[in-house]
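Analysis of the macromolecular model
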Amino acid sequence: MKPISLNRALIILMMKMTIYSTIIAFSVYYLTTWVAVKYYGRVSADNDLSMTGFDWFQFVIINLLSLIVSTLATIKLSRKIIHPLLTLADASRKISSGELSARAVSESVYIKETTELISDFNSMAQRLEHTSGEIKTWNAAIAHELRTPVTILHGRLQGLSDGVFFPDEKLYKNLLKQVEGLARIIEDLRTISLAESGYLSIKADRVNIKTEIACVIEAILPALTSKSIRPVTRLDNISVLCDPVRIRQAILAILDNVTRYAQPGIVLISSFEKNDCVIITVEDEGKGVEGELQQTLFEPFRRAEDSRSREYGGSGLGLAVVNAILRAHGGNVAYFKSELGGAGFRIELPTK
Ligand SMILES: Nc1ncnc2c1ncn2[C@@H]1O[C@H](COP(=O)(O)OP(=O)(O)OP(=O)(O)O)[C@@H](O)[C@H]1O
Ligand SMILES: [Mg+2]
């Protein structure tokens, strides 16, 4: 049954009650008059306006029946309104006491407003439960990612203070690497959180995207070369209003993944303009991203479970940062299967 608005339900109720009262008045009047005429002869004299005992009898019966009918109809309607509200109150009580899976369930779908209220309440509860679950996962993932470098730092420093390790360049470099790893995780988390709350600051400047991409390629070239990956570029000169530091950071994160997860061969980097946007694509000849990971690739802490990812030990924040940066620019990033056989990333960035 399609729910109707409370306003309409009340009007319908009033109309029904008027109709029922009229039907009752006519039926009782004619029935009792018919019985009185049939069994007792005339019931009142013509042109006599005074109420006889019989008139009073009819009057009382009609009003009594009308009263009963209107009371029953009102109770029925109020139940349809109150029942959903009671289930709503019950669900809110459970949620406020921590039972986030509680939902308001009402079989009464007669009133549109209460039906909508229940549906909105349930989607709010669902979102709350989802967010709470995400916070727990985030906390666990952050703790997990921070634990490894902190444990290594703790072990090394403990060894130094106990005289088990001797301070040498190699040890200090290792300690520095752990601290840099920690700093990167913290900075990535900060970027993602700022972007999610809409506070990621963008220092916009007009730049030539070809120059920016070339600058990133130059920085990552030694890492690419060491993995026998050769960059091939098809870059158009496009003027873009963006935060160049952030955009370079995003392209670097994608190319950093190429150095870790792609196989020897080429990485094709192109940029061209389309509908007031610059499109930047990065394609490699690796295995690409398989299965369900494609859907959640840009969420924090998502990584392939295979040994390659673990071997290269990323924390799963790189692409979430890329996504955060692009969204803060009003753009987006997406994954596609490259014709080269590996992963393809497509950045869309507004030029103005
Ligand atoms: N070019 C690629 N080819 C194959 N898989 C990729 C590629 N880029 C990313 N991935 C997969 O996506 C996952 C998420 O990448 P992301 O950059 O977000 O995290 P990460 O590289 O594991 O860690 P981080 O970048 O924080 O050090 C990777 O772990 C990897 O499984
Ligand atoms: Mg990465």
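First, a word on what this report is: a plain description of the structure on this page. (Residues numbered from 1 in each chain as written. Chains lettered and ligands numbered in written order. Predicted model: local features only at pLDDT ≥ 70, side-chain atom pairs only at ≥ 80, totals over all residues. Heavy atoms only, no water.)

This next bit is on the overall build of the chain. Counting its secondary structure elements, the chain contains nine helices and seven strands. Each of the three principal axes of the chain carries a C-alpha extent, and together these read 125 × 60 × 35 Å. Sorting the 352 residues of the chain into buried and exposed places 35% on the buried side. Within the chain, counting contacts between residues at least 6 apart in sequence, those at least 24 apart form 71% of the total. Surface accessibility of the chain: about 21,600 Å² in total, with carbon and sulfur atoms responsible for 60%. Each charge class in the chain was averaged separately, 40 positive and 38 negative side chains, and the resulting centres sit 3 Å apart. (Helix = DSSP H or I, 4+ residues; strand = E, 2+ residues; numbered from the N terminus. Buried < 20%, exposed > 50% of the residue type's maximum accessible area, 1.4 Å probe, protein only. Contact = heavy atoms within 4.5 Å. Areas by Shrake-Rupley, 256 points an atom, 1.4 Å probe, with all protein chains shown as cover. Lys, Arg positive; Asp, Glu negative; His and termini not counted. Charge placed at Lys NZ, Arg CZ, Asp CG, Glu CD.)

Another aspect to go through is the side chain of Thr259. Looking at the secondary structure, you find Thr259 in helix H6 (residues 244–261). Apart from the residues lying within four places of it in its own chain, the contact partners of Thr259 are Ile220, Ala223, Leu224, Lys227 and Ile229.

On inspection of all chains with the given rule, the structure shows twelve salt bridges. Lys94 is the salt-bridge partner of Asp90, the closest N and O atoms lying 3.6 Å from each other. Residue Asp90 and its partner Lys94 are located together in helix H2 (residues 53–96), separated by four residues, close to a single helical turn. Judged by its relative accessible area of 32%, Asp90 falls in the partly exposed class. Arg260 is the salt-bridge partner of Asp256, the closest N and O atoms lying 3.0 Å from each other. Separated by four residues within a single helix, Asp256 and Arg260 lie in helix H6, roughly one turn from each other. In this structure Asp256 comes out as partly exposed when scored by relative accessible area, which is 23%. (Salt bridge = Lys/Arg side-chain N within 4 Å of Asp/Glu carboxyl O.)

Taken in spatial order, the five strands make up an open sheet running S2-S4-S5-S7-S6, and their pairing is mixed. Looking at strand neighbours, the two that pair on one side only are strand S2 (229–235) and strand S6 (332–337), the edges of this open sheet. Put simply, the sheet's adjacent strands are angled 15° from each other on average, direction ignored. Against the sheet, helix H5 (residues 209–226) makes contact with S2, strand S4 (265–274), strand S5 (277–284) and strand S7 (343–350), and its axis sits at roughly 175° relative to S2, the strand it touches most. Most of the contacts of H6 go to S5, to which it runs at about 15°, and overall it touches S2, S4, S5 and S7. (Pairing = 2+ DSSP bridges. Axes fitted to C-alpha atoms, helices over the stretch in contact; angles between N-to-C directions.)

Another aspect to go through is H5. Taking 1.5 Å of rise per residue, 18 residues should cover 26 Å, and H5 covers 26 Å from first to last C-alpha, within 8% of that figure. A bend of about 50° at Ile220 is the largest found in H5, and the proline Pro222 appears one to four places after it. Taken together, the buried positions of H5 are Ile209, Glu212, Ile213, Val216, Ile217, Ile220 and Leu224. The N-cap residue of H5 is Asn208: its side-chain oxygen and the backbone nitrogen of Lys210 are 3.0 Å apart. A positive phi of about 55° marks Ser228, the residue just after H5. (Expected span 1.5 Å × (residues − 1). Bend = angle between axes of the 7 residues up to and from the residue. Polar contact = N/O pair within 3.5 Å; in protein donor to acceptor, adjacent residues only side chain to side chain.)

Using the criterion set out here, one finds seven aromatic pairs in the structure. Arranged with centres 5.3 Å apart and planes meeting at 85°, the rings of Tyr29 and Tyr30 form a pair that is edge-to-face. Under the relative-accessibility criterion, Tyr30 is labelled exposed at 52%. Chaining the aromatic ring pairs together yields one cluster made of Phe26, Tyr29 and Tyr30. (Phe/Tyr/Trp six-rings, centres within 6.5 Å; stacked < 30°, edge-to-face > 60°.)

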